[in-house]
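Geometric and topological summary
If you want the building blocks of each chain, they are given just below.
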Amino acid sequence: MKIKSILYMLVIVLTLNFVSSNVVLAAAVAPVPNYPPNAPVATPVVTPNPSVTPGPGVSEPIKEDNPWYMPEWVSALMEDFQQMNQTFKDLMSGKLIHDAIEGLIVSWVDEMMSPLYGAFAKSYLFSPRVAEISLVYSGWSIFSIIGLAAILAGSLVLAWNVIHGKKDLKKMLQAFIVSFVACLLSLTVLNFLNVLMNWITQKFLSGIIGTTDILYEGLKGDQILKSLILGADGITDAIYASKTLGEIVVATEGGIFTLLMFVTIVVVPLFFISVLKVLVLMMMAIFVAIWISYTAYSGKIETLIGFINIYIRTLLVGLISAIQYGIFVRLQTDYGEGAGFSSEIGVSPLVFMILSILVTVILIFVFWVRPLFRAIKRPMTLNGGATIEKLGGMGERTSTAMNSVGKRLGADSLQKGSLSLKQKSSRIAEVGKRMQTQQKGTRRNRVASKLTGGISESIQGVKYTEPEALISTGTMVSVDSGHLELEDDRIIESNQTVAKTLQKDKFEHSEVINIKSSERADMSRLIKEIKPKYGERINWNAREGKLTLKGDTGEIKERINGEMLFTTSDVQRGYYKNGLFIDTETLKTHVDGSEASKSELKKVKTLLPTYRKAALSADVAKEAYKQLNQQVGKMPWVSKIRLDNGALWIPEEHVTEAEEVFKQLLAKPVDLVRLDLPKGNRFMPALEEHIKLKSKNKDLLAGLQINSKDTYVIVKKDLEQAFKSALEEFRDGRTPYWRTREGNIKVIVDGEPVSYGQAPIPGMDMGSFENFQAEMINKHKS
């Protein structure tokens, strides 16, 4: 009985061992090493589960030889008992069941994901080259022939009408010719855009991931997904090539939960985005000729704008996905090497990656899917009107930001550019709104009005109203550089010091008598009489009316008063030498214009430096003196400036430097406003001439910037009302008129454009009648 029991036991052990070995082989997964932070690992090594019996193709561990005294059947029996014990432990702990379920789920997931890899490989990161897809080329060829035939027929009809004198159709003919060429080159252009975007994507990926030898466009679908988990090793390391994506994901933290999250949040959404992107690019390439021909016939430029908007957005979806992919492949690579942000905080980038994919999907939905569905609702215009309106709105917001930055930096050109952008963006937004509401092209209605002599407009009830005279676009802040007013140069030493210095330099005591202009002729005759007696003691400047007397002047003054019946005034006392006179009371210098006097002045300035008084109030002078003395290190000449009783004195030799510095010290902010006049008018030069000749406000023209090309003015805020008054004065009594392409004159009477023989006098040239007509038709429709 004991022998039978032992045999039964051996049979049971062998059976359990066989079953457990096969079950474990089916469920075993070699785990991916979970690197600890900051632990550098050159090459990841996959460590097999020690509890798993190696299967086919896996080398068995080397067995030690049995001792000489132990038979082989005893050794085999002991191994069987050990395996049976391990199997029993796994069964009791639940590991055997867990591994079996896990292996089954991994198998299911891998089978489900395998068919999706092709979409990832072809279109997740890159866009397919549409011209190389046979279905696209065939479909494009068919619809291009239809579109080209329609455009050619329209071109022939238009050309016939233009030849027979209908000049209004000339621009339409040009549009048809451009459309014909665009239709021919459409597929080539679209394919070029795809190739260009793919090239940009390759450069982005190489730069972000830090590789130059990987052609990312040639990656397989499973390689792309594996590298999101393993980093660059998922692409380059052959050890992971034999592992399925499910096996790699389930071996990470979270196991089956992570695998399910990865499939539902990463794989499935990105697959649908990739497939939808390819379908959109193919459909747009096939039907591009239809949209081009529709644009030519309808005149609706929004169709072309809508097409470009959707196509570019579709291409950018791949770039957005590629940037996200590159960032997280780099994060995974750094983490595996024990470096990078994730390693520093000790969190696996796998979690970040799954969340980032969720954010990326939301971004793609807002950026691409939602505009795509809106375009599908309007298949003929592709919602181009709304795109133009949004473009205008973006321009307005950008202009506001630019204007704010320009004000802070004090950049006049940036502020002017921002206001121009605001005006143009506002017009673009209005055009976009009209495009979404109008049913027929404005150009067609204008041509119909021309052909019917205005009857079509009258039937529709189009009324003409004069455009607004003035529209405020926005404000600017400019800085007016200050100007330093200086008095004549003078010496500011004490009178005693001046007298002593001048006497030492052989200056003679003298007086200057200022002769009235009415008495200068008589004085000239008297000087001729007394000159021989007094000689060099008399110096007469007839042009300025200055009589200089040197030495003892009493006798000479008595002679003059005795022989002349006129009186003298403004007697100045001082010192004189070689044509240079220095007033000892005011300490001002005066030269008679001769070279000798100028040379003498230079010499005196070395002995007695001259200064010029700044025309500033006492408070401003004190503050300027304080600020300047803080910059002595940068400007040494500042130490020579003097402040005397609230008066600021600038050395004559440093006046040029002082004027430059005071441009900043005395600078003041000036509020400006931009005012737009009717677009396209041609009366701006006449308005400027009117303000120059007749405006009562003389400061208005000095602070006025007039742009005749873009029909706007920039004026100081405090002069805005003065400009409005000047404009009203200019408009008063003038008749606004418009000129057609043929040269006919139109004026508005009771809301109707009336033909005039000649331009009215006085009149206001408002520019092109055709542009005004288009504006009125659009206004009527809206």
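Just so we're clear, the structure is a prediction, and the values are computed from it rather than from any experiment.

What counts and how
- Residues numbered from 1 in each chain as written.
- Predicted model: local features only at pLDDT ≥ 70, side-chain atom pairs only at ≥ 80, totals over all residues.
- Heavy atoms only, no water.
- Helix = DSSP H or I, 4+ residues; strand = E, 2+ residues; numbered from the N terminus.
- Buried < 20%, exposed > 50% of the residue type's maximum accessible area, 1.4 Å probe, protein only.
- Contact = heavy atoms within 4.5 Å.
- Areas by Shrake-Rupley, 256 points an atom, 1.4 Å probe, with all protein chains shown as cover.
- Patch = residues over 30% accessible without salt bridge, like charges linked within 9 Å, V, L, I, M, F, W, Y side chains within 5 Å.
- Salt bridge = Lys/Arg side-chain N within 4 Å of Asp/Glu carboxyl O.
- Phe/Tyr/Trp six-rings, centres within 6.5 Å; stacked < 30°, edge-to-face > 60°.
- Lys NZ or Arg CZ within 6 Å of the ring centre and 35° of its normal.
- Axes fitted to C-alpha atoms, helices over the stretch in contact; angles between N-to-C directions.
- Parallel < 35°, antiparallel > 145°, perpendicular 65-115°, else oblique.
- Nonpolar A, V, L, I, M, F, W, Y, C, P; charged D, E, K, R; others polar.
- Expected span 1.5 Å × (residues − 1).
- pLDDT = per-residue confidence, 0-100.
- Pairing = 2+ DSSP bridges.
- Lys, Arg positive; Asp, Glu negative; His and termini not counted.
- Charge placed at Lys NZ, Arg CZ, Asp CG, Glu CD.
- Core = buried A, V, L, I, M, F, W, Y, C linked by side-chain atoms within 4.5 Å.
- Polar contact = N/O pair within 3.5 Å; in protein donor to acceptor, adjacent residues only side chain to side chain.

With that settled, consider the overall build of the chain. Each helix and strand counted, the chain has 27 helices and 18 strands in total. Out of the 782 residues in the chain, the part that is buried amounts to 42%. Pairs at least 24 apart in sequence give 73% of the contacts found in the chain among residues at least 6 apart. Element-wise, carbon and sulfur atoms account for 60% of the exposed surface of the chain, whose accessible area totals about 43000 Å².

On the surface, a cluster of nonpolar side chains totalling about 420 Å² of accessible area is made up of Ile177, Val181, Leu184, Leu185 and Val189. Assignment of secondary structure puts isoleucine 177 in helix 6 (residues 170-209).

The next thing to look at is the packing of aromatic side chains. Inspection of the entire model under this criterion finds 8 aromatic pairs. Between tryptophan 738 and phenylalanine 772 the ring centres are 4.2 Å apart and the planes differ by 10°, which places this aromatic pair in the stacked class. Of this pair, tryptophan 738 sits in strand 15 (residues 735-739) while phenylalanine 772 sits in helix 27 (residues 769-781), and the two are 34 residues apart along the sequence. Tryptophan 738 sits in the buried class, given a relative accessible area of 2%. Residue classification places phenylalanine 772 among the buried residues on the basis of a relative accessible area of 4%. One aromatic cluster is present, formed by Trp291, Phe307 and Tyr311 through successive ring pairs. Across from the ring centre of phenylalanine 367, 4.9 Å away, lies the NZ or CZ of arginine 313, which sits over that ring.

Direction vectors running N to C along helix 24 (residues 684-694) and helix 26 (residues 720-731) enclose 110°, while the axes themselves pass 10 Å from each other. It follows from the interaxial angle that helix 24 and helix 26 lie roughly perpendicular. Between helix 24, through Ala686, Leu687, His690, Ile691 and Lys694, and helix 26, the contact on the second element is made entirely by Phe723, Ala726, Leu727, Glu729 and Phe730. Class assignment of the residues belonging to the contact of helix 24 with helix 26 gives a composition of 7 nonpolar, 1 polar and 2 charged.

The end-to-end C-alpha separation of helix 14 (residues 384-409) is 37 Å, in line with the 38 Å expected for 26 residues at 1.5 Å each. Among the residues making up helix 14, those that are buried are Gly384, Gly385, Ala386, Thr387, Ile388, Gly392, Gly393, Gly395, Ser399, Asn403 and Gly406. Phi for glycine 410, located one or two positions after helix 14, is positive at around 70°.

Mean pLDDT for the chain: 75, with 75% of residues reaching 70 or above. Considering each helix and strand of the chain separately, the mean pLDDT is smallest for helix 1 (residues 2-27), with a value of 42, and largest for helix 13 (residues 349-377), with 87. Scored below 50 in pLDDT, residues 5-63 makes 69 contacts in the model with residues more than four places away or belonging to other chains. Segment residues 91-98: pLDDT under 50, and 7 contacts once partners within four positions in sequence are set aside and those in other chains are kept.

Glancing now at the pairing of strand 17 (residues 752-756). Inspection of the sheet shows strand 16 (residues 745-749) paired to strand 17 by 5 bridges, in the antiparallel sense. Note that in strand 17 the partner of valine 749 across the bridge is glutamate 752. From the end of strand 16 to the start of strand 17, which pair antiparallel, there are 2 residues, and aspartate 750 there has a positive phi angle of about 55°.

Taken N-terminus to C-terminus, the directions of helix 4 (residues 117-124) and helix 7 (residues 221-230) make an angle of 85°; their axes are 6 Å apart at the nearest point. Taken together, the axis directions place helix 4 and helix 7 in an arrangement best described as roughly perpendicular. In this structure, helix 4 uses Tyr117, Phe120, Ala121 and Tyr124 to contact helix 7, whose residues at the interface are Gly221, Asp222, Ile224 and Leu225. Tallied by class, residues from the contact of helix 4 with helix 7 come to 6 nonpolar, 1 polar and 1 charged.

Another aspect to go through is the sheet that holds strand 9 (residues 610-614). Sheet architecture is open: 4 strands sit in the order 2-9-11-10, paired in antiparallel fashion. The open sheet terminates on both sides in strands that have one partner only, identified here as strand 2 (486-491) and strand 10 (642-644). Within this sheet the neighbouring strands show an average axis-to-axis angle of 35°, counted without direction. Here 4 bridges tie strand 2 to strand 9, and the two strands are oriented antiparallel to one another. Paired with isoleucine 491 across the strands is threonine 610, a residue of strand 9. On top of the sheet, helix 22 (residues 618-629) reaches strand 10 and strand 11 (647-651); it is set at about 150° to strand 10, its chief contact.

Spatially, 4 strands are ordered 1-12-14-13 in an open sheet, and the strand pairing comes out antiparallel. Both edges of this open sheet fall to strand 1 (471-480) and strand 13 (704-707), since each of them pairs with a single strand only. Direction aside, the axes of adjacent strands within the sheet are offset by 20° on average. Pairing between strand 1 and strand 12 (residues 668-676): 9 bridges, direction antiparallel.

Turning next to a positive patch on the surface. A contiguous patch of positive charge, built from Arg370, Arg374, Lys377 and Lys390, is present on the exposed surface. Looking at the positive patch, the element that brings in the most residues is helix 13, giving 3 residues. Inspection of the secondary structure assignment puts lysine 377 in helix 13.

What follows is about the nonpolar core. Grouped together as the largest cluster of nonpolar side chains are 72 residues, with contacts concentrated most on Tyr325 and Met353. Among the elements that make up this core, the one with the highest residue count is helix 10 (residues 256-298) (19 residues). Not counting residues up to four positions away in its chain, the partners in contact with tyrosine 325 are Leu125, Leu205, Ile209, Leu219, Ile224, Ser227, Leu228 and Ile235. Counting 26 residues, the second-largest nonpolar core is a separate cluster that includes Val462, Leu700, Phe730 and Met766.

For asparagine 194, the position within the fold is in helix 6. Only 2.6 Å separates the side chain of asparagine 194 from the backbone oxygen of proline 128, close enough to count as a polar contact. The residues contacting asparagine 194, other than those within four sequence positions of it, are Ser127, Pro128, Arg129, Val130, Leu281, Tyr311 and Leu315.

This part takes up unusual backbone geometry. Of note, the bond from isoleucine 761 into proline 762 is cis; its omega dihedral lies within 30 degrees of zero at -10°. Structurally, proline 762 is set in the loop between strand 17 and strand 18 (763-768). One non-glycine residue, asparagine 578, lies in the positive phi region at around 50°. Positionally, asparagine 578 belongs in the loop between strand 6 (569-577) and strand 7 (580-583).

Counting through the fold element by element, histidine 690 comes out in helix 24. Once residues within four sequence positions are removed from consideration, histidine 690 is found in contact with Ser695, Ala726, Glu729 and Phe730.

A separate point is the environment of leucine 196. Examined against the element boundaries, leucine 196 turns out to sit in helix 6. On a C-alpha basis, the gap between leucine 196 and serine 127 in space is 9.9 Å, while along the polypeptide they are 69 residues apart.

The subject of this paragraph is the environment of leucine 616. Mapped onto the elements of the fold, leucine 616 is located in the loop between strand 9 and helix 22. With 31 residues separating them in the primary sequence, leucine 616 and alanine 647 have C-alpha atoms 7.5 Å apart. Aside from chain neighbours lying at most four places away, what touches leucine 616 is Leu484, Ala621, Leu648, Phe662 and Leu666.

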